[in-house]
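Chains, contacts and geometry: an overview
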Amino acid sequence: MARHVLILAAGQGTRMRSGRPKVLHRLAGLSLIEHVLRAASVLTPDSTGVVVGPVADQVHAGLADHTGLAFVLQPEQLGTGHALLQAEPLFRDRRGALVVLSGDVPLIRPETLRRLVETHERKGAAVTVLTARMARPYGYGRIVRKNGRLRRIVEERDASEAQRQLNEINSGIYALDLTPLFDALREIPAAGAINEIYLPGLVTIYRRRGLGVETVEVEDPDEVRGINSQTELAEVKQIVRQRKNEELMAAGVTIEDPATTYVDTDVTVGPDTVIHPSVILEGRTTIGARCELHSGVRIVDSTLGDDVLINNHCVIQGATIAQDARIGPFAHLRPETVIGKAARIGTFVETKKTSLGDGSKANHLTYLGDATIGSEVNVGAGTITCNYDGGQKYPTTIGDRVFIGSGTELIAPVTLGDDAYVAAGSCITNDVPAGALGVARSRQVNKEDWVSRRKKSQDTAHSNA
Ligand code: UD1
Ligand code: CA
């Protein structure tokens with residue numbers, strides 16, 4: 001049977017008190033609506049629609065990576081039922097099940113959606129409502145049953161004192177038969193001060209008509225948590241974090257302190273990697289096996305091979321680090337950094353658009369930008385590639401087995417051939433050929449007895465005064 005998906009995302013999200021559309025708030029590296037889209041993709045829907053409101057352009061831009069979405073504009077936010085009506089042109093000629101999801105209910109599991117739609121289809125229902133039992137049902141629509149069957153859904157603000165005590169809630173996720181849907185939506189009476197059309201009103205209409213009204217209850221009520229405020233967003237973040245950490249630990253990762261370990265949804269970590277307290281792994285990051293990530297490390301969109309050690313307080317963005325490398329403490333690897341096997345980056349070293357070959361070392365106080373560095377190179381303390389003249393960037397090319405003495409400035413563009421040496425304290429402005437020693441510093445002059453001569457002249461000046 002055909003299946004379709006519609007995500008309601010036109011609400012203003014006023015309770016977030018934010019300039020950003022609610023469904024674009026971030027949760028573990030993805031926007032809220034991206035979490036929903038991912039879960040829904042398990043249904044392999046024939047079509048997927050998203051209802052958007054006044055901030056349509058922003059939502060559009062936020063979903064630029066997702067192809068095959070049909071955007072439906074709801075110009076005025078007149079309620080969830082009204083939102084669904086706007087999608088009529090999209091689904092009018094379709095048949096089968098329409099699964100309606102909320103853009104602000106991001107933790108829904110794919111298996112739950114599958115169970116919802118399978119039950120719906122098996123029972124031939126007109127509507128199947130996903131419900132949950134919540135210890136604190138405040139704010140949600142309540143499920144009112146009679147003789148065990150769903151009779152109607154009452155919104156918090158319309159609920160009587162007795163109804164508020166009900167702890168079974170409407171998740172805002174439904175499976176709907178498309179055939180009777182749009183005519184029935186038009187029969188829902190407008191409610192509230194601004195004449196909203198509430199989608200849950202469908203239940204009452206179908207009951208009256210004797211059409212099938214069913215429910216499916218989620219096992220884990222956290223799955224259907226709605227996000228209406230910053231506090232609720234933070235609570236959901238904590239749940240997602242815990243889920244991810246548990247998934248990693250189940251796969252053999254050691255997490256010293258799950259409470260302070262923040263790992264985004266798409267991050268992968270190999271077994272026997274040890275994550276110390278206060279580590280943040282973001283975006284599209286892949287960590288190999290047996291790595292060690294010390295406290296205060298933040299890694300974004302980067303790839304680490306096996307057996308890599310990252311010492312405390314490193315920031316690593318858009319970098320690729322091969323196996324057995326050691327980084328930090330206090331290093332900053334910026335985008336397009338490539339670190340070779342068993343290479344080392346030490347304390348207070350910054351790299352950008354730079355590759356450091358296998359077994360090479362830059363251990364102290366160094367800036368390497370736009371540099372291509374061979375293998376087994378030793379970059380001395382305080383070496384700086386001067387790659388920028390205020391207008392343009394220039395490359396530095398360093399061969400294999402080069403030794404660069406401490407305190408060297410490399411004025412790019414410049415090339416050091418294989419096996420070359422650079423004397424400490426040099427300011428290198430010209431290429432150094434392979435095997436040569438480049439020395440570029442002024443000669444030292446020692447003035448014998450200078451100190452006692454100066455003292456004498458000072459004393460004389462004093463006594464004359
Ligand atoms: C809704 C349900 C409530 C349920 C809860 C679950 C209604 C009337 N109430 O309440 O029974 O317990 O979800 O989280 O449906 N939206 C639009 N256009 C609109 C209004 C809303 O697209 O005109 C979208 C919102 O962006 C959001 C979703 O629909 O993604 C739900 O709207 P929201 O205002 O958050 O409804 P709740 O008050 O949470
Ligand atoms: Ca909501």
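Counting of residues starts from 1 at the beginning of each chain's written sequence and follows it residue by residue. Just so you know, chain letters begin at A and ligand numbers begin at 1, following the order they were written in. Residue-level local features of this predicted model are given only where pLDDT is at least 70; pairs of side-chain atoms are given and counted only at 80 or more, and the full residue set underlies all totals for whole chains, interfaces and linings. Each side-chain value is worked out from all heavy atoms of the structure, with water and hydrogens disregarded.

So, the overall build of the protein
Scanning the protein from terminus to terminus reveals 10 helices and 39 strands. Against the compact-globule benchmark of 23 Å for 465 residues, the protein has a radius of gyration of 32 Å, which places it well outside the compact range. In terms of its C-alpha atoms, the protein occupies a principal-axis envelope of roughly 110 × 60 × 40 Å. Residue burial in the protein is summarised as follows: out of 465 residues, 48% are buried. Under the scheme used here, helices are H or I runs from DSSP no shorter than 4 residues and strands are E runs no shorter than 2 residues, and both carry numbers assigned from the N terminus. C-alpha atoms define the radius of gyration in this analysis, and the globule rule sets the expected value at 2.2 Å times the number of residues to the power 0.38. Each residue gets one of three labels from its accessible area relative to the maximum for its type: buried under 20%, exposed over 50%, partly exposed in between, using a 1.4 Å probe on protein chains only.

Details of the coordination of the calcium ion (ligand 2)
Metal donors: N, O and S atoms at distances within 2.8 Å, or within 3.2 Å for Na, K and Ca, with water omitted from the atom set so that some sites may seem incomplete. Taken together, Asp 104 (OD) and Asn 228 (OD1) make up the full set of protein donors to the calcium ion (ligand 2), lying 2.4 to 2.6 Å away. Here Asn 228 lies in the loop between strand E11 (213–217) and helix H9 (230–250) and Asp 104 lies in the loop between strand E6 (97–102) and helix H5 (110–123), a separation of 124 residues in the sequence. By relative accessible area, which is 14% here, Asp 104 ends up buried.

A short note on the pattern of salt bridges
The working definition used for a salt bridge is a side-chain nitrogen of Lys or Arg within 4 Å of a carboxyl oxygen of Asp or Glu. Tallied over the full model, the rule gives 26 salt bridges. Arg 142 serves as the salt-bridge partner of Glu 156, at 2.7 Å between the closest nitrogen and oxygen. With a gap of 14 residues between them, Glu 156 in the loop between strand E9 (149–154) and helix H6 (161–164) and Arg 142 in strand E8 (residues 142–146) connect regions that are remote in the sequence. Across this residue pair, the class does not change: Glu 156 and Arg 142 are buried. A salt bridge links Asp 183 to Arg 186; the nearest nitrogen and oxygen atoms lie 3.2 Å apart. One network of salt bridges, in which partners are shared, links Arg 133, Arg 145, Glu 168 and Glu 217.

Examining the packing of helix H7 (residues 178–185) against helix H8 (residues 201–209)
Two elements in contact, H7 and H8, have axes separated by 10 Å at closest approach and are oriented at 110°. By the angle class used here, H7 and H8 are roughly perpendicular. Of the two possible hands of crossing, H7 and H8 adopt the one that is right-handed. Note on element contacts: H8 touches H7 through Leu 202, Ile 205, Tyr 206 and Arg 209, opposite Pro 180, Leu 181, Asp 183, Ala 184 and Leu 185. Gly counts as polar in this scheme, as do all residues outside two lists: the nonpolar Ala, Val, Leu, Ile, Met, Phe, Trp, Tyr, Cys and Pro, and the charged Asp, Glu, Lys and Arg. Taken together, the residues of the contact of H7 with H8 sort by class into seven nonpolar, no polar and two charged. Helix axes are fitted to C-alpha atoms over the stretch in contact, other axes to C-alpha atoms as well, and angles between N-to-C directions run from 0 to 180 degrees. The scheme is simple: roughly parallel for angles under 35 degrees, roughly antiparallel for over 145, roughly perpendicular for 65 to 115, oblique for anything else. By definition, any crossing whose near helix is turned counterclockwise from its far helix by less than a right angle is left-handed, and any crossing with a clockwise turn is right-handed. A contact between two residues is defined here by any heavy atoms of the two lying within 4.5 Å.

Side note on the pairing of strand E4 (residues 47–52)
Two faces belong to every sheet, and in a regular strand the side chains alternate between them. With six of six residues buried, E4 is to be regarded as a mostly interior element. Every second residue of E4 is oriented toward a common face, with Ser 47, Gly 49 and Val 51 on one face and Thr 48, Val 50 and Val 52 on the other, all of them buried. Think of it this way: DSSP has to see at least two bridges between two strands before they count as a pair. Where strand E1 (residues 3–9) meets E4, six bridges bridge the pair, whose relative direction is parallel. What sits directly across from Ala 9, in E4, is Val 52.

Points about the sheet that holds strand E28 (residues 355–356)
Sheet architecture is open: nine strands sit in the order E14-E17-E20-E23-E26-E28-E30-E33-E36, paired in parallel fashion. Each edge of the open sheet is held by one strand with a lone partner, namely strand E14 (268–269) and strand E36 (414–416). Pairing of strand E30 (residues 371–373) with strand E33 (residues 396–398), which is carried by three bridges, proceeds in the parallel orientation. Bridge pairing links Thr 372 to Thr 397 in E33.

Regarding the layout of surface pockets
Residues are said to line a cavity or pocket when one of their atoms sits within 4 Å of a point; the points come from a 1 Å grid over protein atoms alone, cavities being sets where a 1.4 Å probe fits but cannot get out and pockets being open sets with protein on both sides within 12 Å along at least five of seven lines. Grid points are joined across faces, edges and corners, and a volume is the space filled by probe spheres set on the points. Counted as a void, the largest pocket has a volume near 1600 Å³. In terms of lining, the largest pocket is formed by 49 residues, of which the most central are Arg 15, Lys 22, Asp 104, Gly 139 and Asn 228. Residue assignment for the lining of the largest pocket shows that the elements contributing at least two residues are E1, helix H3 (80–86), strand E10 (168–177) and H9. Among the elements that make up the lining of the largest pocket, the one with the highest residue count is E10 (four residues). The class makeup of the residues in the lining of the largest pocket is 18 nonpolar, 18 polar and 13 charged.

Thoughts on the site of ligand 1
Leu 8, Gly 11, Gln 74, Thr 80 and Asn 170 are the nearest of the 24 residues found near ligand 1. Whenever two N or O atoms come within 3.5 Å, that pair is a polar contact, provided that in protein one can donate a hydrogen and the other can accept it, and provided that, for residues adjacent in sequence, both atoms are side-chain atoms. In this structure, Asp 104 approaches ligand 1 through a side-chain N or O atom, which is 3.1 Å from an oxygen atom. Residue exposure ignores everything except the shown protein chains as possible cover, and the areas themselves are Shrake-Rupley values with a 1.4 Å probe. About the coverage of ligand 1: the protein hides 91% of its 750 Å² of free accessible area. When residues of the shell around ligand 1 are traced back to their parent elements, those giving at least two are E1, H3 and E10. Looking at the shell around ligand 1 element by element, the count peaks at three residues for E10. We call a residue near a given molecule or strand whenever any one of its heavy atoms falls within 4 Å of it.

What about H9?
Look at H9: 30 Å from first C-alpha to last across 21 residues, which is about the 30 Å you get at 1.5 Å a residue. Among the residues of H9, those classed as buried are Leu 233, Val 236, Ile 239, Val 240, Arg 241, Lys 244, Asn 245 and Leu 248. Its buried side turned inward, H9 meets strand E2 (26–27), helix H1 (32–40), strand E12 (254–255), strand E13 (261–263) and E14. Expected helix span is computed as 1.5 Å times (number of residues minus one).

Some words on the domain arrangement of the protein
When the parts of a complex come together, some accessible area is lost, and that lost area is often taken as the interface size. Segmentation into domains, and thus their bounds, comes from an automatic or database assignment. Annotation of the protein at the domain level lists domain 1 (3–224) and domain 2 (230–438). Summarising the inter-unit geometry, the C-alpha centres of domain 1 and domain 2 are found 45 Å apart. Contacts between the two partners involve 17 residues from domain 1, matched on the other side by 11 residues from domain 2. Accessible-area loss on putting two parts together, using a 1.4 Å probe and summing over both, is the definition of buried area adopted here. With both sides pooled, the region where domain 1 packs onto domain 2 buries about 1200 Å², and carbon together with sulfur makes up 56% of that total. The largest share of the area that domain 1 buries against domain 2 comes from Met 16, Ala 28 and Leu 107, three residues that together contribute 39% of it. Counting every contact that joins domain 1 to domain 2 gives one salt bridge. Salt-bridge contacts for Arg 38 lead to Asp 266; the nearest nitrogen and oxygen are separated by 2.7 Å. Joining domain 1 to domain 2, the criterion identifies five residue pairs in polar contact (both at pLDDT 80 or more). Split by residue class, the side of domain 1 that touches domain 2 holds seven nonpolar, four polar and six charged.

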